[in-house]
Amino acid sequence: MSKHYAVLGSPITHSQSPRIHAAFAKQTGIAMDYLAIEANHDDFRAKLDASNLAGANITLPLKEAAFALCRTSSTRALRAGAANTLVREGEHWHGDNTDGVGLVRDLTERHGLDLRQRRVLLLGAGGAARGVAPALLDAGIGALFVVNRNPDRADALADAMGEPGRVHARTWETLPKLGEFDLLLNATSASRGGSLPSLPMALAAPRSAAVDLSYGEAAIPFLAWARAAGCTHAIDGLGMLVEQAAESFLLWHGVRPSTDSIFAQLSGRADALVTAD
Ligand code: ATR
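Just so it is clear, the structure is predicted and the values come from calculations on it, not from any experiment.

This part covers the environment of A82. Locating A82 in the fold gives a position in the loop between α4 (75-80) and β5 (85-89). Residues A82 and T72, spaced 10 residues apart in sequence, show a C-alpha to C-alpha distance of 12 Å. Residues in contact with A82, not counting those within four places in the same chain, are K63, E64, F67, A77, D96 and N97.

Structure follows, in structure tokens:
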């Protein structure tokens, strides 16, 4: 009998996760179904428990709440203080976070970036930023500057990383003085509300890579800024989405699916691939 999986969050109707996991299931021959379930803080726990799920992906705005309800957690979920993947263990949930490893895999393997010793700017200090910061450090970046509208959250994220020599919290006002970065990441939700605060062009250099953790329309303002500022790479979060999904699939099923075909389909470049699944 096929097991049940789902992604929970809000808004959820445009989530690509059901399509991605259906493609992985077909590719690997694993019988499963995967739904999108609209859930908010009020009804999250009830919907999770009522859905008879063997595993779940958790998206906005529930990743921290998901982490809080887990009986056990992986080290990477602990460091992030947020879970995007839940695995049922009997009556309890085990929490993990595959966002960071998904991002690093997309940047290094799909886009060929070398992250080692890079000077990195992380805009935002919410759940998305917390999810990726530990994996960036593990990937060997040289320095991480965390800049957030609310400076207390930037301080808290930097403190939680426990590497004061490598991780620095800065205020938004200091951005013009921070110099150039090799990698600039937008982990704020500002563009989802339509208004990314203005950023100094001096943050970017021709060799820089800019990454928005969102994809689709939400990624447009930051990536347009990055191109105008002269960044060589302007990368949206679609590749990260596919890679974090593959890591979740691995946790649930013990097999890591290949991601190239579904990435090409979702990015509208399916015809560029010779193989199809
Ligand atoms: P997510 O899970 O997407 O990270 P979150 O935890 O609510 O969601 O965090 C949203 C992030 O976007 C925060 O860093 C937030 O800054 P504050 O901590 O100051 O609220 C940031 N953000 C949201 N709207 C913003 C805006 N208009 N300008 C700058 N930062 C913004």
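So that's the structure; there's more coming.
Here we come to the packing of aromatic side chains. This structure, assessed with the given rule, holds five aromatic pairs. Judged by centre distance (5.6 Å) and plane angle (70°), the ring pair of F145 and F181 falls under edge-to-face. Of the two residues, F145 is situated in strand β8 (residues 143-148) and F181 in strand β10 (residues 181-186); the sequence distance between them amounts to 36 residues. An identical accessibility class is assigned to F145 and F181; each is buried. The ring centre of F263 lies 4.1 Å from the NZ or CZ of R110, which sits over that ring. Cation over ring: R119 sits above F181, and NZ or CZ is 4.5 Å from the ring centre.

So, on to the sheet that holds strand β12 (residues 233-235). The sheet built from six strands is open, its strands ordered β9-β8-β7-β10-β11-β12 with parallel pairing. Each edge of the open sheet carries a strand with a single partner, namely β9 (167-171) and β12. Taken pair by pair, the neighbouring strands of this sheet meet at an average axis angle of 20°, ignoring direction. In this sheet, β9 lies alongside β8 in parallel orientation, the contact comprising five bridges. Looking across to β9, one finds that V146 is bridged to A169. Sitting on the sheet, helix α7 (residues 151-161) touches β7 (119-123), β8 and β9, and the angle it makes with β9 is about 175°.

Bringing the site of the ligand into the picture now. In the vicinity of the ligand there are 16 residues, among which A128, N148, R149, N150 and R153 approach most closely. G127 places a polar main-chain atom, nitrogen or oxygen, 3.0 Å from an oxygen atom of the ligand. The fraction of the free accessible surface of the ligand (640 Å²) that becomes covered by protein chains is 80%. Tallied by class, residues from the shell around the ligand come to five nonpolar, eight polar and three charged.

The subject of this paragraph is α7. Residues of α7 that are buried include every one of A154, L157, A158 and M161, and no others. Down the axis of α7, the buried set is contained in an arc of 95°. They therefore lie on one face. Turned more than 90 degrees from where α7 packs its buried face, D152 and D159 sit exposed. Packing partners of the buried residues in α7 comprise α4, β7, α6 (127-138), β8 and β9. One side-chain oxygen at the N-terminal end of α7 lies 2.9 Å from the backbone nitrogen of D152; it belongs to N150. Just beyond α7, the residue with positive phi is G162, at close to 65°.

Quick notes on the rules
Starting afresh in each chain, residues are numbered from 1 along the sequence in its written order. The predicted nature of this model means local features are confined to residues of pLDDT at least 70 and side-chain atom pairs, given and counted, to a pLDDT of 80 or more, with totals for whole chains, interfaces and linings taken over all residues. Computation of side-chain values covers all heavy atoms of the structure but excludes hydrogens and water. Secondary structure elements are taken from DSSP: a helix is a run of H or I of four residues or more, a strand is a run of E of two residues or more, and numbering for both begins at the N terminus. A contact between two residues is defined here by any heavy atoms of the two lying within 4.5 Å. What counts as a ring pair is set by centres within 6.5 Å for rings of Phe, Tyr and Trp (its six-membered ring), and what kind of pair is set by the plane angle: stacked under 30 degrees, edge-to-face over 60, tilted for all other angles. Using a 1.4 Å probe on the protein chains alone, a residue whose accessible area is under 20% of its type maximum counts as buried, one over 50% counts as exposed, and one in between counts as partly exposed. Two limits define a charge over a ring: the Lys NZ or Arg CZ must be within 6 Å of the ring centre, and within 35 degrees of the ring normal. Here, any two strands with at least 2 DSSP bridges between them count as paired. To define axes, lines are fitted to C-alpha atoms, for helices over the stretch in contact only, and angles between the resulting N-to-C directions are given on a 0 to 180 degree scale. One heavy atom suffices: a residue is near a molecule or strand as soon as one of its heavy atoms comes within 4 Å of it. Each polar contact in these results corresponds to two N or O atoms within 3.5 Å; when the atoms are within protein, one needs to be able to donate a hydrogen and the other to accept it, and residues that are neighboring in sequence are counted only if both atoms are side-chain atoms. Surface accessibility follows the Shrake-Rupley procedure with a 1.4 Å probe radius. Residue values consider only the protein chains on display as shielding. Note on residue classes: Ala, Val, Leu, Ile, Met, Phe, Trp, Tyr, Cys and Pro are nonpolar, Asp, Glu, Lys and Arg are charged, and everything else, Gly too, is polar. It is the directions from the helix axis to the C-beta atoms whose arc is reported.

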